[in-house]
Amino acid sequence: MSELTFTLLRLGYLVLLWVFVLSAVAVLRRDLAARVADRTERRRRDDAGTPARKAAAGASPAAPPPPARGGSSPTRLVVTAGPLTGTTLPLGASSILIGRSPACTLVLDDDYSSSRHARIFPQGDDWYVEDLGSTNGTFLGDHQVQGPTPLPPGVGVQIGRSVVELQG
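Owing to the predicted nature of the structure, the values given are computational and were not obtained by experimental measurement. Position numbers for residues start from 1 in each chain and track the written sequence from start to end. Note on the predicted model: pLDDT of at least 70 is required for a residue's local features to be given, and 80 or more for side-chain atom pairs to be given and counted; whole-chain, interface and lining totals, by contrast, use all residues. As a rule here, side-chain values come from all non-hydrogen atoms in the structure, and water together with hydrogens is ignored.

Description of the overall build of the chain
Step number 1: Segments assigned H or I by DSSP are reported as helices when at least four residues long, segments assigned E as strands when at least two residues long, and all are numbered from the N terminus. Helices and strands together make up the secondary structure of the chain, namely two helices and eleven strands.
Step number 2: The buried share of the chain, reckoned over its 168 residues, is 28%.
Step number 3: Should any heavy atoms of two residues lie within 4.5 Å, those residues are considered in contact. Put simply, of all contacts in the chain between residues at least 6 apart along the chain, 40% involve residues at least 24 apart.
Step number 4: Of the roughly 10,800 Å² of accessible surface on the chain, 58% is carried by carbon and sulfur atoms. Exposure classes here rest on a 1.4 Å probe applied to the protein chains alone. A residue is buried below 20% of its type maximum, exposed above 50%, and partly exposed in between. Areas reported as accessible are Shrake-Rupley estimates using a 1.4 Å probe. Residue values count occlusion only from the protein chains shown.

Topic: the sheet that holds strand S9 (residues 149–150)
Step number 1: Strand pairing is defined by DSSP finding a minimum of two bridges between the two strands. The strand order S4-S3-S5-S6-S9 describes an open sheet built from five strands, whose pairing is mixed. At either margin of the open sheet sits one strand with a lone partner, and together these are strand S4 (106–107) and S9.
Step number 2: Where strand S5 (residues 118–123) meets strand S6 (residues 126–131), six bridges bridge the pair, whose relative direction is antiparallel. The residue bridging Gln-123 from the neighbouring strand is Asp-126, located in S6.

Things to note about the nonpolar core
Step number 1: Side-chain atoms within 4.5 Å link the members of a nonpolar core, which is a set of buried Ala, Val, Leu, Ile, Met, Phe, Trp, Tyr and Cys residues. Of all hydrophobic cores here, the largest spans 20 residues; its most connected members are Leu-77, Ile-98, Leu-106, Ile-120 and Val-164.
Step number 2: Where this core is concerned, the elements lending two or more residues are strand S1 (76–81), strand S3 (96–99), S5, S6, strand S10 (157–159) and strand S11 (162–167).

Remarks on the sheet that holds strand S7 (residues 138–140)
Step number 1: Within the open sheet, the six strands sit side by side as S2-S1-S11-S10-S7-S8. Their pairing is antiparallel. Whereas interior strands pair on both sides, the edge strands pair on one side only; in this sheet they are strand S2 (88–90) and strand S8 (143–144).
Step number 2: Where S10 meets S11, three bridges bridge the pair, whose relative direction is antiparallel. Bridge pairing in S11 links Gln-158 to Val-163.

With respect to the pattern of salt bridges
Step number 1: When a carboxyl oxygen of Asp or Glu lies within 4 Å of a side-chain nitrogen of Lys or Arg, that pair is called a salt bridge. The final tally for this structure, using the stated rule, is two salt bridges.
Step number 2: In this structure, Arg-119 and Glu-130 form a salt bridge, with 2.8 Å as the shortest nitrogen-oxygen distance. Of this pair, Arg-119 sits in strand S5 while Glu-130 sits in strand S6; the two residues are eleven residues apart in sequence, bridging distant segments of the chain.
Step number 3: Using a relative accessible area of 19% as the deciding quantity, one classes Glu-130 as buried.

Quick word on the confidence of the model for the chain
Step number 1: Across the chain, the average pLDDT comes to 80, with 76% of residues at 70 or higher.
Step number 2: pLDDT is defined as a per-residue confidence score from the predictor, taking values between 0 and 100. Mean pLDDT in the chain bottoms out at helix H2 (residues 51–57), which sits at 47, and peaks at S10, which reaches 92.
Step number 3: Long-range and interchain partners of residues 52–71, a stretch whose pLDDT sits below 50, account for 21 contacts in this model, where long-range means more than four residues apart.

Points about the packing of aromatic side chains
Step number 1: In this analysis, rings of Phe, Tyr and Trp, with Trp reduced to its six-membered ring, are considered paired at centre separations within 6.5 Å, and the interplanar angle assigns stacked below 30 degrees, edge-to-face beyond 60, and tilted for intermediate values. For the coordinates displayed, the defined rule picks out one aromatic pair.
Step number 2: We call a charge positioned above a ring when the Lys NZ or Arg CZ atom is no farther than 6 Å from the ring centre and deviates by at most 35 degrees from the ring normal. The ring of Phe-121 has Arg-119 lying over it, and the distance from NZ or CZ to the ring centre is 4.0 Å.

Structural notes on the environment of Gly-141
Step number 1: For Gly-141, the location among the structural elements is in the loop between S7 and S8.
Step number 2: Distance from Gly-141 to Gly-156, taken between C-alpha atoms, is 5.7 Å for residues 15 residues apart in sequence.
Step number 3: Other than its neighbours up to four places away in sequence, Gly-141 contacts Val-155 and Gly-156.

Shown next, in the form of structure tokens:
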């Protein structure tokens, strides 16, 4: 075999090897993207069946309303802007954790929110919002939340692309 033939065979083998590697990477990317899309769709379907969503849609009329905390205190947390607009969570005695983590009470599918972004919690007859060290911050109206801050009803709390507020 001549030197030229041997060099061409080596180059051909190298090109064939790179085509194989790049096609394997393309298949992995396509499969992972499909898996992420399936998981996101499944999470949306599962969230549609949660008791909070059913109560918001009126599908569970037998469920008792949450106890009122006073005369005009808020009884629910409502998402007023963002991908989950219209989602309602009843307020109780426990805090509401908001973020991307599946362990949160309100799970946001938002690249601008952290996994554990913020917490809304009762203290006495008042509600407070607290940023949990998020990357992009939590805003009460136009002001960034630095520590536990009183949350009056009707004032929007921006968490990523979503805005939530307490309503009565």
